[in-house]
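# Coordinate analysis (summary)
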Amino acid sequence: MADTYDSLNALKYLNAVVNETIRLYQGSKMERIPSVDYVLKGTGITIKKGHVVQIPTFAMHRDPANFADPDTFRPERFLPENIAHNPYTYLPFGVGPRNCIGMYMVKWMVKLALVSLVQRYVFYPTEKPVEFYVVNGGLMPKSVFLKIGKRVWVQHLLWDGLDHCLCRTFRHKPI
Ligand code: HEM
């Protein structure tokens, strides 16, 4: 049997759910401060040394030019066979030599937590929408309403069946 690391990485739909969630609910911002005057090639625009450049990742993630039907939660767009976006339009962890050093760790932890929960419980969305507030140009959840039930057949659930189970879980229609 594969180890937990390989098994988690094999859960493609789970990975897509995490990627789609941080596309829609970007909670951190990205900025750069040039150490010298920097001319943007072909534009005639100079960014002065010391000026703060904010990269609007939240807006980029919800721009229909980058993601079709951008306000819809659709994990399928992050399945390997469907990925169609320019990688520089999706920056939840930044990019380049100063990107997030915690990216792999945090994604792995989130997936492990979700798997542990979905193995034990069934989650049903409710009609009550999640409420958010804005902080640092990103969205933070104020309240999340879910109905939770115990999953009784969990001891028979094999890793192979888990991605299918996650797929059903995250596709549930509101009740
Ligand atoms: C979902 C969780 C997280 C998100 C969305 C996130 C996002 C980001 C973003 C957008 C940046 C700026 C990247 C850039 O400017 O290109 C960043 C930087 C950074 N993150 Fe994270 N992060 C997360 C979790 C973590 C964790 C768990 C750690 C540590 C264990 C971590 C450590 C860092 C550090 C040290 C930097 C600065 C890197 C540098 O300036 O060289 N992050 N993160």
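Computed from a predicted structure; not experimentally measured.

The next subject is the overall build of the protein chain. What the protein chain contains, in helices and strands, is five helices and eight strands. Traced from its N-terminal end to its C-terminal end, the protein chain shows the element sequence α-α-β-β-β-β-α-α-β-β-β-β-α. With 175 residues in all, the protein chain has 15% of them scored as buried. When contacts within the protein chain are restricted to residue pairs at least 6 apart in sequence, long-range pairs at least 24 apart make up 64% of them.

Another point: the site of the ligand. The environment of the ligand is made up of 16 residues, and the closest members are G94, R98, C100, G102 and V106. Partitioning the shell around the ligand into residue classes produces nine nonpolar, six polar and one charged.

Quick look at the nonpolar core now. Judged by nonpolar contacts, L11, Y13, L14, A16, V17, F78, L114, V115 and V118 together constitute the single largest core of nine residues. Mapped by element, the contributors of at least two residues to this core are α2 (12–24) and α4 (103–120). Among the elements that make up this core, the one with the highest residue count is α2 (four residues).

When the UniProt feature table is mapped to this numbering, "binding site: heme" (unreviewed entry) covers C100. Residue position: C100 is located in the loop between α3 (57–61) and α4. If we skip the residues at most four places from it in the chain, C100 touches F93 and G94.

Glancing now at α4. Turn by turn, an α-helix covers 3.6 residues, leaving residues three or four places apart pointing in a common direction. Relative to the 26 Å expected for 18 residues at 1.5 Å per residue, α4 spans 26 Å between its end C-alpha atoms, a close match to the ideal helical length. Those residues of α4 lying buried are L114, V115 and V118. The arc that holds the buried residues of α4, viewed along the axis, is 100°, so those residues lie on one side. In this structure, α4 carries M105, M109, A113 and S116 as exposed residues pointing more than 90 degrees from its buried face.

Attention now goes to the environment of Y88. With respect to the helices and strands, Y88 occurs in the loop between α3 and α4. Classification of Y88 as exposed rests on a count of 11 C-beta atoms within 10 Å. The spatial distance from the C-alpha of Y88 to the C-alpha of N66 is 9.7 Å, given a sequence separation of 22 residues.

Quick look at the environment of E76 now. Counting through the fold element by element, E76 comes out in the loop between α3 and α4. Here the alpha-carbon distance between E76 and K12, two residues 64 residues apart in the chain, equals 9.7 Å. Once you skip the residues sitting within four places of it in the chain, E76 turns out to touch A16 and N82.

Here is what the cut-offs are and how they apply
Residues numbered from 1 in each chain as written. Predicted model: local features only at pLDDT ≥ 70, side-chain atom pairs only at ≥ 80, totals over all residues. Helix = DSSP H or I, 4+ residues; strand = E, 2+ residues; numbered from the N terminus. Buried ≥ 20, exposed ≤ 12 C-beta atoms within 10 Å, placed from the backbone. Contact = placed C-beta atoms within 7 Å. Near = placed C-beta within 6 Å. Nonpolar A, V, L, I, M, F, W, Y, C, P; charged D, E, K, R; others polar. Core = buried A, V, L, I, M, F, W, Y, C linked by C-beta atoms within 7 Å. UniProt positions renumbered as here; feature names shortened; annotations may be inferred. Expected span 1.5 Å × (residues − 1). Arc of directions from axis to C-beta.

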